[in-house]
Amino acid sequence: MLNTKTDLLKGNILKSLLIFAIPLFISNLFQQLYNTADTMIVGHFLGDTSLAAIGACSAVYELLIGFALGIGNGMSMVVARSFGAGDETLLKRAVAGSLVIGAGVTVIVMIMARIFLYPLLEMLHTPREIIEESYSYIFVVVMCVGVMFAYNLLAGLLRAIGNSVMPLVFLVISSVVNIGLDILFITQFSMGIRGAAVATVIAQGFSALLCLIYILWKAKILIPRKEHFEIEGRLYKELAGQGLSMGVMVAIVSAGTVILQFAINELGYLIIAGHTAARKLNSFCAMPLMTMTLATSTFVSQNRGANQRERIIKAVRYSNWISVLWAAVITIILIFAAPVLVKLLSGSSEKVVIENGAMYLRINAPFYSVLGILSTMRNSLQGIGKKIVPLISSVIELIGKIVFVIFLIPILGYFGVIICEPIIWCLMCAQLVFTFYTDSYIRGSALNDKM
């Protein structure tokens, strides 16, 4: 019988991390297929204008969805710490609290989207020829954010108890469904990019349903009873604090991306199309880094619950070295393959689209090592229970992007867009490395719970 759980509390640290991370990597790969399939099919069947329409609203999508999903990931860390501490009652209460808070956040995001979505696209100077298409895509996705939140929360709960395999299985199935529905809705039903959004929602709803069925069948430790829904002030404060700190952190980062999108939208739809393709490829290229970050986050959370400080420090060190190694490998690959990949994904033959997209990838690639380290540090700080300090890095990113949009991109053009994030990553990384290694718990002294 397939062993779907990984013991992160004892045994070889690197081996445990890698075994836990491999299903996460494949899960992330198929997660990216949701939006990338939309992008690729839209680019090939509907052209550069529709591709740009998806790209023009992608930053807004990341802001709204990222906030909700950041909250889910933050709350799952509390569940993981309860699991690591061996407290089943606390674990069930944490799950119950996560469901209650998650439902509330979903309603709030939907209301905000209904009111502010179109005005925000206008405020970002989305080109008139693509704004209606952009709105038709993002409106469907965001109004069904509850479906996406449900999958990510349920999958996060399974990962919190060491099961990274079954969320992968369900995601693979739903990804195949998504691609099939993309092609059906766009090529046969002529639904345009709205069809791509509907396909994404249906497929993620299917994966959420599969996760729920599995939990009810095989992971009963995660099923709270009526008494576990009784509101306990301290626990709900911890869940809300951990969830909101990560949600706000993601939202601040995404707000910076929205501001950056404002500058990109001023450069014309061909630049938008090239940037959209490059960002999708960037997500794939950075995936091993984000996978190790997620694996390390769960590892740190469980071992914080078990109070195993040395295992946490070693796991973070392994994750950082993997980031450096991967950055070297992907840099070499993209030196040669970037133009081909941009053309393949975008379906465009426009020189502006291909050359600018390739330049973005080649310049960003060496800095993936910095991105991986800062992501590991930020999520590890969250994993040991720090709620406020990691937010500083997000503020640095937001301020940095505002400075670039106001002062540098008007002078440097798209090159300013490209170098914006790598420079900011370096500043964020320095702050996070210092914060992590000077933390009282990591240094071995008494834990400062106030932070």
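Note that this is a predicted model, so its numbers are computed, not measured. (Residues numbered from 1 in each chain as written. Predicted model: local features only at pLDDT ≥ 70, side-chain atom pairs only at ≥ 80, totals over all residues. Heavy atoms only, no water.)

Let us now look at the overall build of the protein. Looking only at helices and strands, one finds 15 helices and zero strands in the protein. Its C-alpha atoms give the protein a radius of gyration of 21 Å, within 12% of the compact-globule value 22 Å for 451 residues. Along the three orthogonal principal directions, the C-alpha set of the protein runs to about 55 × 45 × 40 Å. Looking at the protein as a whole, 59% of its 451 residues qualify as buried. Excluding contacts between residues fewer than 6 apart, the proportion of contacts in the protein whose partners are at least 24 apart in sequence is 84%. (Helix = DSSP H or I, 4+ residues; strand = E, 2+ residues; numbered from the N terminus. Rg over C-alpha atoms; globule rule 2.2 N^0.38 Å. Buried < 20%, exposed > 50% of the residue type's maximum accessible area, 1.4 Å probe, protein only. Contact = heavy atoms within 4.5 Å.)

With that settled, consider the packing of helix 2 (residues 48-84) against helix 10 (residues 287-305). Relative to each other, helix 2 and helix 10 sit at 45°, their axes nearing to 6 Å. With respect to helix 10, the axis of helix 2 lies oblique. Classified by chirality, the crossing of helix 10 by helix 2 is right-handed. Where helix 2 abuts helix 10, its residues Met77, Ala80, Arg81, Phe83 and Gly84 lie against Ser297, Ser301, Gln302, Arg304 and Gly305. Of the residues contributing to the contact of helix 2 with helix 10, the split by class is three nonpolar, five polar and two charged. (Axes fitted to C-alpha atoms, helices over the stretch in contact; angles between N-to-C directions. Parallel < 35°, antiparallel > 145°, perpendicular 65-115°, else oblique. Left-handed = near helix turned anticlockwise from the far one by under 90°. Nonpolar A, V, L, I, M, F, W, Y, C, P; charged D, E, K, R; others polar.)

With that settled, consider the packing of aromatic side chains. Evaluated as defined, the whole model comprises five aromatic pairs. For the ring pair Tyr135 and Phe139, a centre distance of 5.4 Å and an interplane angle of 35° mean the geometry is tilted. Here Phe139 and Tyr135 lie together in helix 4 (residues 131-143), a separation of four residues that amounts to about one turn. Residue classification places Tyr135 among the buried residues on the basis of a relative accessible area of 18%. Taken together, Tyr118, Tyr135 and Phe139 form an aromatic cluster joined through their ring pairs. The cationic tip of Lys218 hangs over the ring face of Trp217; the distance from NZ or CZ to the ring centre is 4.8 Å. (Phe/Tyr/Trp six-rings, centres within 6.5 Å; stacked < 30°, edge-to-face > 60°. Lys NZ or Arg CZ within 6 Å of the ring centre and 35° of its normal.)

Below, the discussion takes up unusual backbone geometry. The phi torsion at Ser190 lies on the positive side, around 50°, for a residue other than glycine. Relative to the assigned elements, Ser190 resides in the loop between helix 6 (165-188) and helix 7 (192-218). Residue classification places Ser190 among the exposed positions, given a relative accessible area of 62%. Positive phi outside glycine occurs at Asn307, with the angle close to 60°. Mapping Asn307 onto the fold places it in the loop between helix 10 and helix 11 (309-346). Asn307 sits in the exposed class, given a relative accessible area of 52%.

Attention now moves to the environment of Ile259. Here Ile259 lies in helix 8 (residues 233-265). Taking the C-alpha atoms as reference points, Ile259 and Leu432, 173 residues apart in sequence, are found 23 Å from one another. Filtering out sequence-adjacent residues up to four positions away, Ile259 remains in contact with Leu398, Lys401, Ile402 and Val405.

Counting 123 residues, the largest nonpolar core has Leu222 and Tyr368 as its most contacted members. The leading source of residues in this core is helix 2, at 19 residues. Among residues more than four places away in sequence, those in contact with Tyr368 are Asn282, Cys285, Ala286, Leu289, Ala327 and Ile330. With ten residues, the next largest nonpolar core counts Phe20, Ala21, Phe299 and Ala315 among its residues. (Core = buried A, V, L, I, M, F, W, Y, C linked by side-chain atoms within 4.5 Å.)

We now examine the packing of helix 2 against helix 4. Contact geometry of helix 2 with helix 4 gives a least axis separation of 8 Å together with a crossing angle of 35°. The handedness of the crossing between helix 2 and helix 4 is right-handed. Packed against helix 2, whose contacting residues are Thr49, Ser50, Ala53, Ile54, Ala56, Cys57, Val60, Tyr61, Leu64 and Ile65, the element helix 4 presents Glu133, Ser134, Tyr137, Ile138, Val141 and Val142 at the interface. A per-class count over the contact of helix 2 with helix 4 returns twelve nonpolar, three polar and one charged.

Every α-helical turn comprises 3.6 residues, leaving residues that sit three or four positions apart pointing alike. A rise of 1.5 Å per residue sets the reference length of helix 12 (residues 351-364), with its 14 residues, at 20 Å; its end C-alpha atoms lie 20 Å apart and thus fit the reference within 8%. Within the sequence span of helix 12, burial applies to Val353, Ile354, Asn356, Gly357, Ala358, Tyr360, Leu361 and Asn364. Close packing links the buried residues of helix 12 with helix 9 (269-285), helix 11, helix 13 (368-383) and helix 15 (414-437). (Expected span 1.5 Å × (residues − 1).)

For the structure shown, the criterion picks out zero disulfides. Cysteine Cys420 remains unbridged, with the sulfur of Cys426 as its closest cysteine sulfur at 12 Å. Using a relative accessible area of 0% as the deciding quantity, one classes Cys420 as buried. Just so you know, Cys429 is unpaired, no disulfide at all, and the nearest cysteine sulfur is the one on Cys426, 7.4 Å from it. (Disulfide = S-S within 2.5 Å.)

All right, on to the pattern of salt bridges then. In total, this model carries twelve salt bridges according to the counting rule given. Salt-bridge contacts for Glu88 lead to Lys92; the nearest nitrogen and oxygen are separated by 3.9 Å. Remark: Lys92 and Glu88 occur in helix 3 (residues 88-123); sequence separation between them is four residues, near one turn of the helix. Its relative accessible area of 6% is what places Lys92 among the buried residues. (Salt bridge = Lys/Arg side-chain N within 4 Å of Asp/Glu carboxyl O.)

A contiguous nonpolar surface patch, about 880 Å² in accessible area, is contributed by Val395, Ile399, Ile402, Val403, Ile406, Phe407, Leu408, Ile411, Leu412 and Phe415. If you tally residues by element for the nonpolar patch, the top one is helix 14 (residues 389-412), at nine residues. Residue placement: Val403 occurs in helix 14. Using a relative accessible area of 36% as the deciding quantity, one classes Val403 as partly exposed. (Patch = residues over 30% accessible without salt bridge, like charges linked within 9 Å, V, L, I, M, F, W, Y side chains within 5 Å. Areas by Shrake-Rupley, 256 points an atom, 1.4 Å probe, with all protein chains shown as cover.)

Here we take up the confidence of the model for the protein. Within the protein, residue pLDDT values average 88, and 96% of them lie at 70 or more. Residue range residues 446-451 is modelled with pLDDT below 50. Its contacts to residues more than four positions away, or to other chains, number 13 contacts. (pLDDT = per-residue confidence, 0-100.)

Attention now moves to the environment of Glu88. Glu88 sits in the partly exposed class, given a relative accessible area of 44%. Note: C-alpha distance between Glu88 and Val172 (84 residues apart in sequence) is 30 Å.

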